[in-house]
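Fold and contact review
The lines below spell out each chain.
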Amino acid sequence: MDSHVHIGTSGVPLGPAGPAANFALWRKRAAAVGIRRAVLMAAPVGSYAAANRMVATLARQAPDRWLWYVFVNAATERGLVGDVVAEAHARGACGIKVHWSDGPATDEVGVAAQRHRMPVLFDPGGDVQRVVDLAGRHPDVAWIVPHLSSFTDDWRAQSRLTDALVRMPNIFADTSGVRYFDLLEEAVARAGSRKVLYGSDGPYLHPAPELAKIFALNLPRADRALILGGNVLRLTRPARRAGGRPNYKTPVRRTEPWASQDRDR
């Protein structure tokens, strides 16, 4: 299960034109390597009302395959984040996405996430301290940091994020776009497989080489299963149950304090 897939490329000229064609190509590539389910979200376009509706509609077409996160702009939607997230949760959203290009995540995002028991996928653009501060003020929220915090290969920021993964129980990372394999290997070794999620950042990146990194870690099967779906299902389970979404089986025996205390059936 891919935990990080965009619908569209926000104008970046990659692949076929149009969100539908881009998603179709990603699905073809993903299916070729055994990826059948994913978490969908809009591309970082700045204004998200229409984009979120499109993602919600797509996810509803195959709720057993697609989960979705609501994309919020914490700057332009200041004072409205709670309403935006509540409306999206009623339409099946089970997480929140925030991107540094719109401005950082805020306490308003943390409050909305806690209210609806959602994880936050926050790309801080290398600002690890911002993640640490938010995670400290909102300890009941799971903060998932893509790219080990930096899509631009800032290894210092990625190392700081690994330290935070080890130190703080509610900070997680996804593997998308991490080119320094040794840093990824260190993150898993130090923080454990329960703190890391497979993501491709599709359609920007091809899911096959991103998936190959996970197998290259040479983990025991149970640990690999957590990274390849178990963790994202565990972290989204409370929001999915509250929103009436399908409850997938997950290969875990216990959950963190901010996740549901009973297993999916």
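A short tour of the structure in this document, coming up. (Residues numbered from 1 in each chain as written. Predicted model: local features only at pLDDT ≥ 70, side-chain atom pairs only at ≥ 80, totals over all residues. Heavy atoms only, no water.)

**What to know about the overall build of the protein chain**
In terms of regular secondary structure, the protein chain is built from nine helices and eight strands. Taking 2.2 N^0.38 as the reference for a compact globule, 265 residues should give roughly 18 Å; the C-alpha atoms of the protein chain span a radius of gyration of 16 Å, in line with that estimate. With the C-alpha coordinates of the protein chain rotated into their principal frame, the extents come out at 40 × 40 × 40 Å. Counting all 265 residues of the protein chain, 57% fall into the buried class. The contacts of the protein chain with a sequence gap of at least 6 include a subset with a gap of at least 24, amounting to 69%. Within the structure as shown, the protein chain displays about 11,000 Å² of accessible surface, and the carbon and sulfur contribution to it stands at 53%. Treating the 35 positive side-chain charges of the protein chain as one cloud and the 25 negative ones as another, the clouds have centres 8 Å apart. (Helix = DSSP H or I, 4+ residues; strand = E, 2+ residues; numbered from the N terminus. Rg over C-alpha atoms; globule rule 2.2 N^0.38 Å. Buried < 20%, exposed > 50% of the residue type's maximum accessible area, 1.4 Å probe, protein only. Contact = heavy atoms within 4.5 Å. Areas by Shrake-Rupley, 256 points an atom, 1.4 Å probe, with all protein chains shown as cover. Lys, Arg positive; Asp, Glu negative; His and termini not counted. Charge placed at Lys NZ, Arg CZ, Asp CG, Glu CD.)

**Points about the sheet that holds strand β7 (residues 171-174)**
Think of a sheet as strands paired side by side through backbone hydrogen bonds, with each pair either parallel or antiparallel. Read from one edge to the other, the open sheet built from eight strands follows the order β1-β2-β3-β4-β5-β6-β7-β8, with strand pairing classed as parallel. Two strands close off the open sheet at either side, each with one partner strand: β1 (2-7) and β8 (196-197). Across the sheet, helix α2 (residues 49-61) is in contact with β1, β2 (38-42) and β3 (66-71); its angle to β3 comes to roughly 170°. In the packing of helix α6 (residues 155-167) onto the sheet, the strands contacted are β6 (143-145) and β7, and the crossing angle to β7 comes to about 135°. (Pairing = 2+ DSSP bridges. Axes fitted to C-alpha atoms, helices over the stretch in contact; angles between N-to-C directions.)

**Some thoughts on the layout of surface pockets**
Its volume calculated, the largest pocket comes out at about 210 Å³. Lining the largest pocket are 14 residues, with Pro 44, His 99, Asp 123, Phe 151 and Asp 201 sitting closest to its centre. At the level of elements, β1 and β4 (95-99) are the ones that each hand at least two residues to the lining of the largest pocket. Across the lining of the largest pocket, the residue classes break down as six nonpolar, five polar and three charged. (1 Å grid on protein atoms, 1.4 Å probe; cavity = no way out; pocket = protein on both sides within 12 Å on 5 of 7 lines; lining within 4 Å. Points joined across faces, edges and corners; volume = space filled by probe spheres on them. Nonpolar A, V, L, I, M, F, W, Y, C, P; charged D, E, K, R; others polar.)

**What to know about helix α1 (residues 19-32)**
Its 14 residues place the ends of α1 20 Å apart at the C-alpha level, agreeing with the 20 Å of an ideal helix rising 1.5 Å per residue. For α1, the set of buried residues is Asn 22, Phe 23, Trp 26 and Ala 30. For α1, the buried positions fall inside an angular range of 95° around the axis, keeping them on one side. Of the residues in α1, the exposed ones pointing more than 90 degrees away from the buried face are Ala 20, Lys 28 and Ala 32. Looking at the buried side of α1, the elements it contacts are β1, β2, α2, β3 and α8 (207-216). (Expected span 1.5 Å × (residues − 1). Arc of directions from axis to C-beta.)

**Structural notes on the pairing of β1**
With six of six residues buried, β1 lies mostly within the body of the structure. In this sheet, β2 lies alongside β1 in parallel orientation, the contact comprising four bridges. Counterpart to Ile 7 in the pairing with β2 is Ala 42. Note that the unit made of β1, α1 and β2 has a crossover that is right-handed. (Right-handed = clockwise from strand over helix to strand, strands pointing away.)

**With respect to the environment of Arg 221**
Mapped onto the secondary structure, Arg 221 falls in helix α9 (residues 221-242). Arg 221 gets classed as exposed once you look at its relative accessible area, which sits at 69%. Sequence separation between Arg 221 and Arg 194 is 27 residues, and the spatial gap between their C-alpha atoms is 13 Å.

**Regarding the nonpolar core**
One finds Leu 40, Trp 68, Ile 96, Val 120, Leu 161 and Ile 171 to be the most contacted residues of the largest nonpolar core, which totals 80 residues. The contact partners of Val 120, leaving out residues within four places of it in the chain, are Ile 96, Val 98, Val 109, Ala 113, Val 141, Ala 142, Trp 143 and Ile 144. (Core = buried A, V, L, I, M, F, W, Y, C linked by side-chain atoms within 4.5 Å.)

**Concerning the pattern of salt bridges**
All told, the structure shown has five salt bridges when counted by the stated rule. Across the salt bridge formed by Asp 107 and Arg 137, the nearest N and O atoms sit 2.8 Å from each other. Of the two residues, Asp 107 sits in helix α4 (residues 107-116) while Arg 137 sits in helix α5 (residues 128-137), which places them 30 residues apart along the sequence. Here Asp 153 ties to Arg 179 by a salt bridge, and the two come within 2.6 Å at their closest N and O atoms. Of this pair, Asp 153 sits in the loop between β6 and α6 while Arg 179 is found in the loop between β7 and α7 (181-191), placing the two residues 26 residues apart along the sequence. Taking relative accessible area as the criterion, Asp 153 reaches 15% and is therefore assigned buried. You can call Arg 179 exposed: its relative accessible area is 65%. (Salt bridge = Lys/Arg side-chain N within 4 Å of Asp/Glu carboxyl O.)

**What to know about the environment of Ala 113**
By the element assignment, Ala 113 lies in helix α4. According to the relative accessible area criterion, Ala 113 is buried, its value standing at 1%. Residues Ala 113 and Arg 65 lie 48 residues apart in sequence; the distance between their C-alpha atoms is 23 Å. When sequence neighbours within four positions are dropped, the list of residues in contact with Ala 113 reads Ile 96, Met 118, Val 120 and Val 141.

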